[in-house]
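# Structure at a glance
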Amino acid sequence: MKKKDNRTLISFYIITIFPEMFYSISNYGVTGKAIQKKIINLNYLNPRDFAKNKYKSIDDRPYGGGPGMLMSVQPLYSSIKKAKSLLKDAIVIYLSPQGIKLNQNNIYKLIQRKEIIFVCGRYEGIDQRIIDSLIDEEWSIGDYILTGGELAAMVIIDSIARFIPGVINTKKSAEKESFYNNLLDYPNYTRPKTIYEMTVPDILLSGNHNKIRLWRLQKSLEITLQKRPDLLEKKLFNKEEKVILNKFKKK
Ligand code: 4H6
């Protein structure tokens, strides 16, 4: 029998009227395993369950008019307050198109947190007084509009999960990927050596690990320079990288 270890490393409360949407991360893949094992402790509060009005309605019209509805203040306020009482050290994050744009560096900072509350907006958004009184940080996953904050919250949880020990193979595997060190990934190859008349670069079969490492670094630099030169603007290059870049310049 395998030993059970109940070490929760990070706890989330999600404020959402559609908690079932989160089945896609809690029931599948490595996130599913981590959530089922409670390494990631994922909990939900539904504003509808907190609605004090007769019809349990959770939307209302905007003052000043205009199209669409907003989330009602009372059910949302009560559910966030409840989450804060359950996670005393939590940061409260609101996902919206107006938020600060998320990147891998923000994810590195978020993984230091042990408790996070995500507020998922629906309809046209939420009342400003909730943002002013209960929200600590407002984040966006990119410059596009979604019908709700749930998918944005799942994107962030998925990307945090990669850094939790036991979620993916190793720390190395999480760091190897794109953006670690501000470089894009090098090209990858697996068996067989030749398929559909295409072959694997010889160097990867050479067994010379240092040559392979340098080839991969060169490819990463080449691909980043070609596809995302903006990533190199803020990057500090080490000696090896400088040598490779000078080789590019000469060509
Ligand atoms: C808050 C406010 C996040 C949340 C308004 C959420 C994109 C992102 C939402 C809205 C989101 C992101 C509701 C405004 C639908 C537009 C939910 N969209 N919207 N980029 N939508 O992180 O109408």
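Residues numbered from 1 in each chain as written. Predicted model: local features only at pLDDT ≥ 70, side-chain atom pairs only at ≥ 80, totals over all residues. Heavy atoms only, no water.

Using the following cut-off: UniProt positions are given in the numbering used here, feature names are shortened, and annotations may be inferred rather than shown by experiment.
Under an unreviewed UniProt entry, the name given to the protein is tRNA (guanine-N(1)-)-methyltransferase, and the organism recorded is Buchnera aphidicola. In the Catalytic activity (unreviewed entry) part of its UniProt record, the protein is described as follows: "guanosine(37) in tRNA + S-adenosyl-L-methionine = N(1)-methylguanosine(37) in tRNA + S-adenosyl-L-homocysteine + H(+)".

### Description of the packing of helix 9 (residues 209-227) against helix 11 (residues 239-250)
Stated precisely, the cut-off is as follows: Each axis is a line fitted through C-alpha atoms, and for a helix only the stretch in contact is used; angles between axes span 0 to 180 degrees, taken between their N-to-C directions. Counting from the N terminus, the helices are DSSP H or I runs at least four residues long and the strands are E runs at least two residues long. Oblique is the label for any angle not under 35 degrees, not over 145, and not in the 65 to 115 range, which are roughly parallel, roughly antiparallel and roughly perpendicular in turn. Rotating anticlockwise by less than a right angle from the far helix to the near helix defines a left-handed crossing, while the corresponding clockwise rotation defines a right-handed one. We call two residues contacting when some pair of their heavy atoms lies within 4.5 Å.
Where helix 9 contacts helix 11, the axes come no closer than 10 Å and their chain directions differ by 60°. Accordingly, the angle class assigned to the pair helix 9 and helix 11 is oblique. Where helix 9 crosses over helix 11, the two elements pack in a sense that is right-handed. Taken together, the residues of helix 11 that come into contact with helix 9 (itself represented by R213, L214, L217, Q218, L221, E222 and L225) are E240, E241, I244, L245, K247 and F248.

### Observations regarding the packing of aromatic side chains
Centre-to-centre distance and the angle between the planes together describe a pair of aromatic rings. Just so we agree on the cut-off: Think of it this way: a Phe, Tyr or Trp ring, Trp meaning its six-membered ring, pairs with another when their centres are within 6.5 Å, and the plane angle makes it stacked under 30 degrees, edge-to-face over 60, tilted otherwise. Whether a residue is buried, partly exposed or exposed follows from its accessible area with a 1.4 Å probe, protein chains only, as a fraction of its type maximum: under 20%, in between, or over 50%, in that order. In this scheme, the term charge over a ring applies when either NZ of a lysine or CZ of an arginine sits within 6 Å of the ring centre and within 35 degrees of the ring normal.
Counted under the stated rule, the structure contains three aromatic pairs. A ring pair is formed by F12 and F118, whose centres lie 5.9 Å apart and whose planes are at 15°; its orientation type is stacked. Linking F12 in strand 1 (residues 10-15) with F118 in strand 6 (residues 115-120), this pair joins segments that are 106 residues apart in sequence. Residues F12 and F118 agree in their burial class; the two are buried. Geometrically, the ring pair formed by F22 and Y44 is tilted, given 5.6 Å between the ring centres and 50° between the ring planes. Placement of the pair is F22 in the loop between strand 1 and helix 1 (23-26) and Y44 in strand 2 (residues 40-45), with a sequence separation of 22 residues. The ring of F163 carries the charged tip of R162 above its face, separated from the ring centre by 5.5 Å.

### Considering the sheet that holds strand 2
Heads up, the rule is: Any two strands between which DSSP finds at least two bridges are classified as paired.
In space, the five strands of this open sheet follow the order 2-1-6-5-7, with parallel pairing throughout. Taken across any chain shown, the strands that pair with only one partner, and hence form the sheet edges, are strand 2 and strand 7 (137-140). Between one strand and the next, the sheet's axes are offset by a mean angle of 35°, whatever the strand orientation. Across the sheet, helix 4 (residues 73-86) lies against strand 1, strand 2, strand 5 (91-101) and strand 6, angled at about 170° from strand 1, the strand it touches most.

### Re the UniProt feature "binding site: S-adenosyl-L-methionine" (unreviewed entry) in the protein
The positions that UniProt labels "binding site: S-adenosyl-L-methionine" (unreviewed entry) are, in the present scheme, G121, I141, G142, D143, Y144, I145 and L146. Along the chain, the position of I141 falls in the loop between strand 7 and helix 7 (150-161). The contacts of I141, once residues within four sequence positions are left out, are L102, L146, A152, V155 and I156. Looking at the element boundaries, I145 is found in the loop between strand 7 and helix 7.

### A few points about the nonpolar core
Filter applied, for reference: Each nonpolar core is a collection of buried residues, namely Ala, Val, Leu, Ile, Met, Phe, Trp, Tyr and Cys, held together in the definition by side-chain atoms within 4.5 Å.
In terms of nonpolar packing, the biggest core is built from 31 residues, with F12, I116, F118, I156 and I160 touching the most fellow members. Where this core is concerned, the elements lending two or more residues are strand 1, helix 2 (29-36), strand 2, strand 5, helix 5 (104-110), strand 6 and helix 7. With sequence-adjacent residues up to four places away left out, F12 is seen in contact with I40, N41, L42, N43, L87, I116, F118, I157 and I160.

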